[in-house]
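Overview (structure and organization)
For reference, the chains in residue letters:
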Amino acid sequence: MAILGRKQAVRDIGGLARRVLERLNAFPRLHQGQTVPINDTLSQILEHEKAYQPLRPRKENKQRAPLQNPGIFTVQEAVADVLQTTVGDLLGESGYAVARDLLSIDDRRKLRQVFLLLRDLFDLDDESLDEVNEPVTATSNVFRFIVPPEEFIERDHDYPRALHAWVVPDLPAAAGETGAGPDFEMSKTQVLHSVREVWDSRLQVVRVIGDSMAPELRNGWKVLVDTEQIKPADGALVAVYVKYEGGILGRWSVEGEQPVLLKTNRAFHDVRLGAPDEWKLWGTVTRIVEAPVELK
């Protein structure tokens, strides 16, 4: 069970409501008698749990229906953060201590077999591989940031890196539930034709620094920036580099004729951009690619 995004539905809204009530009841014991104020989102979710007794009786002819499809950011901000827990905890997703716990022993054996094969086939111990250069061709449109890495000033994010990933297709279902039967072996030909490299310099990945855009973006999260989207609509989440200040993230707005970057966290001041030669809008944030969950 998981919340996948703003438009995907929670598969078990009743289960979510039950766990929310459990965390709500346990909160005073875990936090020295403190209580949680019931906001609208909490109230609408808790309506799915019969055991919940609101402080004030609900009106029989109320117009508002129980919340059926809360988005991940809604659950994160209005429920998980308020209850000082995680979305994964509220969804009943099992945590893990280390990454190896995500795989069965059979899957780990197969993974090691593939790794050793790749290591031997492509001489992955070659020291020349320590320096990685982005491939450039006559037809490629390689993105170059406006300042080199050694001059970059980290403010809201670190230095942009091109999206780079290896895509390995799922193994046939006939191989069993784990995707790899006990006698499964990959030939060198299968490896060469099944593993695909994706490298797109137009899409840059940055790590968020600080909480100026929280809870929308949190410290340590990684987001994807499309460098071709440099004419944002009002309210778009953009990345701007300001001379002498560094990389800044914010919601694009124009007040009069002056561009302004609006901060989600109202504890931070909005950023008013100066003369056009003092800053450059270099891309629009299109998605979160990594949002670590703090395990308790």
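Residues numbered from 1 in each chain as written. Predicted model: local features only at pLDDT ≥ 70, side-chain atom pairs only at ≥ 80, totals over all residues. Heavy atoms only, no water.

Notes on the packing of aromatic side chains
The criterion, for reference: Stacked, edge-to-face and tilted are the three classes for Phe, Tyr and Trp ring pairs, Trp counted by its six-membered ring, which pair at centre distances within 6.5 Å; planes under 30 degrees apart are stacked, over 60 edge-to-face, the rest tilted. Only protein chains enter the accessibility calculation, which uses a 1.4 Å probe. A residue is then buried if its area is under 20% of the maximum for its type, exposed if over 50%, and partly exposed in between. For helices the rule is a DSSP run of H or I covering at least 4 residues; for strands it is a run of E covering at least 2, with both sets numbered from the N terminus onward.
Under the definition given, this model contains nine aromatic pairs. Aromatic side chains phenylalanine 145 and phenylalanine 152 sit 5.7 Å apart centroid to centroid with 65 degrees between the ring planes, which places their arrangement in the edge-to-face category. Exposure class is identical for phenylalanine 145 and phenylalanine 152. Each is buried. When the centroid spacing of 5.6 Å and the interplanar angle of 75 degrees are considered together, the rings of phenylalanine 145 and tyrosine 159 count as edge-to-face. With phenylalanine 145 in the loop between helix H5 (105–121) and strand E1 (161–167) and tyrosine 159 in the loop between H5 and E1, this pair connects stretches of sequence that are 14 residues apart. For phenylalanine 145, a relative accessible area of 11% gives the class buried. For tyrosine 159, a relative accessible area of 15% translates into the label buried. Linked through ring pairs, Phe143, Phe145, Phe152, Tyr159, Tyr241 and Trp282 together constitute an aromatic cluster.

Quick look at the confidence of the model for the protein chain
Spelled out, the test is: The pLDDT value expresses, per residue, how confident the predictor is, ranging between 0 and 100. The contact criterion used is simple: two residues touch if any of their non-hydrogen atoms lie within 4.5 Å.
Averaged over the protein chain, the pLDDT score is 79; the fraction of residues at 70 or greater is 72%. Summarising per-element confidence for the protein chain, the mean pLDDT is lowest in helix H6 (residues 188–194) (55) and highest in strand E4 (residues 237–242) (97). Considering only residues more than four positions removed or in separate chains, one finds that residues 1–9, a stretch of pLDDT under 50, has 23 contacts. Note that residues 172–176 has pLDDT below 50 and, in this model, two contacts with residues that lie over four places away or in other chains.

Section: the pairing of E4
Moving residue by residue along a regular strand, the side chains alternate between the two faces of the sheet. Rules: By the convention used here, strands pair only if DSSP detects at least 2 bridges between them.
Of all six residues in E4, six are buried, a share of seventy percent or more. Counted along the chain from E4 to the antiparallel partner strand E5 (residues 246–255), the turn is three residues long, and its residue tyrosine 244 has a positive phi close to 70 degrees. Pairing between E4 and strand E8 (residues 279–290): five bridges, direction antiparallel. Paired with alanine 239 across the two strands is glycine 283, which belongs to E8.

A few points about the pairing of strand E6 (residues 258–262)
Where E5 lies against E6, five bridges are found, and the strand directions are antiparallel. In the strand pairing of E6, arginine 251 is matched with leucine 262. Counted along the chain from E5 to the antiparallel partner E6, the turn is two residues long, and its residue glycine 256 has a positive phi close to 70 degrees. For E6 and strand E7 (residues 271–272), the ladder comprises two bridges, and the chain directions are antiparallel. In the sheet register, valine 260 faces E7, and the bridge partner there is arginine 272.

Quick word on the environment of lysine 263
As for its placement among the helices and strands, lysine 263 is situated in the loop between E6 and E7. C-alpha separation for the pair lysine 263 and leucine 249, spaced 14 residues apart in sequence, amounts to 7.9 Å. Those residues in contact with lysine 263, other than ones at most four positions away along the chain, are Asp156, Ser212, Met213, Ile248, Leu249, Phe268, His269, Asp270 and Val271.

Some points on the pattern of salt bridges
The line we're drawing: The salt bridge definition used is simple: a Lys or Arg side-chain nitrogen within 4 Å of an Asp or Glu carboxyl oxygen.
Counting across every chain of the model gives eleven salt bridges. Across the pair lysine 263 and aspartate 156 runs a salt bridge whose closest N-O atoms are separated by 2.4 Å. Here lysine 263 is found in the loop between E6 and E7, whereas its partner aspartate 156 is found in the loop between H5 and E1, with 107 residues between them in sequence. With a relative accessible area of 4%, lysine 263 lands in the buried category.

A look at the nonpolar core
Applied cut-off: Each nonpolar core is a collection of buried residues, namely Ala, Val, Leu, Ile, Met, Phe, Trp, Tyr and Cys, held together in the definition by side-chain atoms within 4.5 Å.
Counting residues in hydrophobic clusters, the biggest one holds 20 residues, and the most contacted among them are Leu16, Val20, Leu24, Val79, Leu83 and Leu90. Looking at this core, the elements with two or more residues in it are helix H1 (13–30), helix H2 (40–46), helix H3 (72–80) and helix H4 (87–90). By residue number, the principal contributor to this core is H1, which donates seven residues. Sequence-distant contacts of leucine 90, that is, excluding residues within four places in its chain, are made with Leu16, Arg19, Val20, Arg23, Val75, Val79, Ala80, Leu83 and Thr85. With 18 residues, the next largest nonpolar core counts Val147, Val208, Val223 and Trp282 among its residues.

Focus: unusual backbone geometry
For residues that are not glycine, phi is negative in most cases, and the peptide bond is trans in most cases. Backbone torsion omega between alanine 214 and proline 215 reads 0 degrees, so that peptide bond is classified as cis. Along the chain, the position of proline 215 falls in the loop between strand E2 (196–207) and strand E3 (222–226). Of note, glutamine 84 is a non-glycine position whose phi angle comes to about 55 degrees, a positive value. By the secondary structure assignment, glutamine 84 is in the loop between H3 and H4. Unlike most non-glycine residues, tyrosine 244 shows phi in positive territory, near 70 degrees. Relative to the assigned elements, tyrosine 244 resides in the loop between E4 and E5.

Some points on a negative patch on the surface
Put simply, the rule reads: Two joining distances apply to patches: 9 Å for like charges and 5 Å for nonpolar side chains (Val, Leu, Ile, Met, Phe, Trp, Tyr), and every residue must have over 30% relative accessible area and no salt bridge. Shrake-Rupley sampling with a 1.4 Å probe provides the accessible areas, and residues are treated as covered by the protein chains on show and by no other component. This count recognises Lys and Arg as positive and Asp and Glu as negative, with His and chain-terminal groups excluded. A single reference atom marks each charge: NZ on Lys, CZ on Arg, CG on Asp, CD on Glu.
The grouping of Asp120, Asp123, Asp126 and Glu127 at the surface amounts to a negative patch. Tracing the chain through its elements places aspartate 123 in the loop between H5 and E1. We classify aspartate 123 as partly exposed; its relative accessible area is 44%.

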